[in-house]
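Single-letter residue listing:
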Amino acid sequence: MSPPVAPPGWSRWLVPPAALSVHLSIGQAYAWSVFKPPLESALGLSGTQSALPFQLGIVMLGLSAAFGGTLVERHGPRWAMTVALVCFSSGFLLSALGAAVEQYWLIVLGYGFVGGIGLGIGYISPVSTLIKWFPDRPGMATGIAIMGFGGGALIASPWSAQMLKSFGSDNSGIALAFLVHGLTYAVFMLLGVLLVRVPRPRQRADGRSAPLEGVQVSARSALRTPQFWLLWIVLCMNVTAGIGILEKAAPMITDFFADTSTPVSATAAAGFVALLSAANMAGRIGWSSTSDLIGRKNIYRVYLGVGALMYTLIALFGDSSKPLFVLCALVVLSFYGGGFATAPAYLKDLFGTYQVGAIHGRLLTAWSLAGVLGPLIVNWIADHQEEAGRHGSALYDTSFHIMIGLLVVGFAANELVRPVHARHHEPATTVPAPKEGNDVIRQQPESA
Amino acid sequence: MSSDSSQSPPEPAQGPGRRPLVAFTWLWVGAPLAYGLYELVRKATQLFTG
């Protein structure tokens, strides 16, 4: 499939909705927990078993983004969005079948394995296209799409819960809910498939497409540069610090103020979790857009440096002031979201647009590690402190000090990032701009 | 660092015919997002009222 090239007069503001239609859909993954209790009661599963489809989905997200990135670059965004649509929707349809016939392995295979491939390919599908359409504001453009991944759970969580309430929480109700999810997301994502276009290549005097200008590094070469691995450390440290709070937010705020005159109720803790989700989303678009103004290195200095300061304030004064605790946690979570959303633009600055989607896919393996590391640190330490007879904010003091240390490591890694050495650059002749496909209107040299 | 002058972007002239399409596509993604945000705000207020 040739990348679909924009016809004359095509608005670049059609590309973010195309990206959002995919990211808002695949972001549903973070609302999987809605299906857990009904699955456990309908199919007699344990909590660990009912988490399997989500966990496998996230593993497949990392793997398919890392290994499928080159294919996405080769075949273009429409191919990638089509693969994402087919995999993500088929995952739900297989799960519907699994629930209907009470075969849980089909749900794990469908949602986790097949759907997970859709997550990974869908996540990276619009990145390089957005950067090419918005070379003046790459942070804002990718921030919009990656904000959608956070927004997907906000939509799916109440929607799925309402659906289960209407259809019932037995296996046939769950099957029907999966079926409706699969079909609805297929229609919703179709907009992205139909709408996405790559910018048309500039023509040289001889009428052929001009190669990309500036620094261009292939995905294979990028892995051999220290810059890639420094950014990998930066992302891993930033995500670990954020996910440490996000994953344990409700028990954390309850524990922090358990011994005070204003303890936090379960309802208020749920409100805190929702507020963190809002900060996460706002950070994705807000901080990423800010990076277009102050530069990528500077914005990561803020994420990591101010993030460490926020953790320090929580560790020192968090249990004496609820507003301070909430404010610091919100700032940390906004940096967590911002770190995700700014990464593609940072990669574009360092490696060019040639294979930025594929490089981004490989960078996301840092997310996979951080997703394990952050919760592990916070939960393991809290459990041990509890066994030692501690309570309240003391359960988290050590974790917070570790998070501060990790953020300082990330800060140092960011400071070491320099422009990529010329020996890694691709020769101009090997980085052609996209070819025009047969399915598009032929370009007029003077148009638009 | 890099610039990508070999592709056409910044703001191609957008014919008036595209505006309804732009509006429709933003509404397509904006409406469900607004619903999600509404539900989020409802939950988040529980921090102060719960």
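Structural data are supplied above this passage.
So, how was this worked out
Residues numbered from 1 in each chain as written. Chains lettered and ligands numbered in written order. Predicted model: local features only at pLDDT ≥ 70, side-chain atom pairs only at ≥ 80, totals over all residues. Heavy atoms only, no water. Axes fitted to C-alpha atoms, helices over the stretch in contact; angles between N-to-C directions. Helix = DSSP H or I, 4+ residues; strand = E, 2+ residues; numbered from the N terminus. Parallel < 35°, antiparallel > 145°, perpendicular 65-115°, else oblique. Left-handed = near helix turned anticlockwise from the far one by under 90°. Contact = heavy atoms within 4.5 Å. Salt bridge = Lys/Arg side-chain N within 4 Å of Asp/Glu carboxyl O. Buried < 20%, exposed > 50% of the residue type's maximum accessible area, 1.4 Å probe, protein only. Polar contact = N/O pair within 3.5 Å; in protein donor to acceptor, adjacent residues only side chain to side chain. Phe/Tyr/Trp six-rings, centres within 6.5 Å; stacked < 30°, edge-to-face > 60°. Expected span 1.5 Å × (residues − 1). Bend = angle between axes of the 7 residues up to and from the residue.

Helix-helix packing: each pair is described by the crossing angle between the helix axes and the interaxial distance. Their axes nearest at 7 Å, the elements helix α12 (residues 266-294) of chain A and helix α1 (residues 19-44) of chain B cross at an angle of 140°. With respect to α1(B), the element α12(A) is oriented oblique. Classified by chirality, the crossing of α1(B) by α12(A) is left-handed. Contacts from Gly271(A), Ala274(A), Leu275(A), Ser277(A), Ala278(A) and Met281(A) of α12(A) reach α1(B) at Leu33(B), Leu37(B), Leu40(B), Lys43(B) and Ala44(B).

On to the pattern of salt bridges. Residues and elements named next belong to chain A. Under the criterion given, the structure shown has six salt bridges over all chains. Asp 292 is the salt-bridge partner of Arg 296, the closest N and O atoms lying 2.7 Å from each other. On the basis of relative accessible area, Asp 292 is assigned to the partly exposed category, the value being 22%. Among the ionic pairs, Asp 349 bridges to Arg 296, the shortest N-O distance being 2.9 Å. A residue pair is termed long-range when its members are at least 10 positions apart, and Asp 349 in helix α14 (residues 322-351) and Arg 296 in helix α13 (residues 296-317) qualify at 53 residues. Taking the relative accessible area as the measure of exposure, Asp 349 reaches 16% and is therefore buried. On the basis of relative accessibility, which here comes to 9%, the residue Arg 296 falls in the buried class. Taken together, the shared-partner salt bridges connect Arg 12, Asp 136 and Arg 137 into one network.

Okay, the environment of His391(A) next. Residues and elements named next belong to chain A. In this structure, His 391 sits in the loop between α16 (365-387) and α17 (397-415). Sequence separation between His 391 and Asp 255 is 136 residues, and the spatial gap between their C-alpha atoms is 7.3 Å. Here the side chain of His 391 touches Asp 259 through a polar contact of 2.8 Å, side chain to side chain.

Now for the side chain of Ser288(A). Residue and element names in this part refer to chain A. Inspection of the secondary structure assignment puts Ser 288 in helix α12. The class of Ser 288 is buried, set by a relative accessible area of 0%. Reaching out from Ser 288, the side chain makes a polar contact with the backbone oxygen of Gly 139 at a distance of 2.6 Å. Discounting chain neighbours no more than four positions away, the residues touching Ser 288 are Gly 139, Met 140, Thr 142, Gly 143, Gly 283, Tyr 303, Ala 341 and Thr 342.

With that out of the way, let us pick up the packing of aromatic side chains. All names here are of chain A. Under the criterion given, the structure shown has 34 aromatic pairs over all chains. Pairing Phe 92 with Phe 178 gives two aromatic rings, centres 6.0 Å apart and planes at 45°, and the pair type is tilted. Within this pair, whereas Phe 92 is found in helix α4 (residues 77-100), its partner Phe 178 is found in helix α8 (residues 171-195), the two being separated by 86 residues in sequence. Of the two residues, Phe 92 and Phe 178, both sit in the buried class. Ring pairs connect the aromatic residues Trp 32, Phe 35, Phe 88, Phe 92, Tyr 111, Trp 159, Phe 178 and Tyr 185, which therefore count as one cluster.

Before going further, it helps to examine α12(A). For α12(A), built from 29 residues, the straight-helix expectation of 42 Å at 1.5 Å per residue is met to within 8% by its first-to-last C-alpha distance of 40 Å. In α12(A), a bend of some 35° at Gly283(A) exceeds every other bend along the element.

The next point concerns α1(B). If you check α1(B), its first and last C-alpha atoms are 35 Å apart, about what 26 residues at 1.5 Å a residue would give, namely 38 Å. Where α1(B) is concerned, the buried positions are Val22(B), Thr25(B), Val29(B), Pro32(B), Leu33(B), Gly36(B), Glu39(B), Leu40(B) and Ala44(B). Looking at the buried positions of α1(B), the neighbouring elements they touch are α1 (15-26), α7 (138-167), α8 and α12 of chain A together with α2 (46-49) of chain B.

Function cannot be inferred from these measures alone, as they are strictly geometric.
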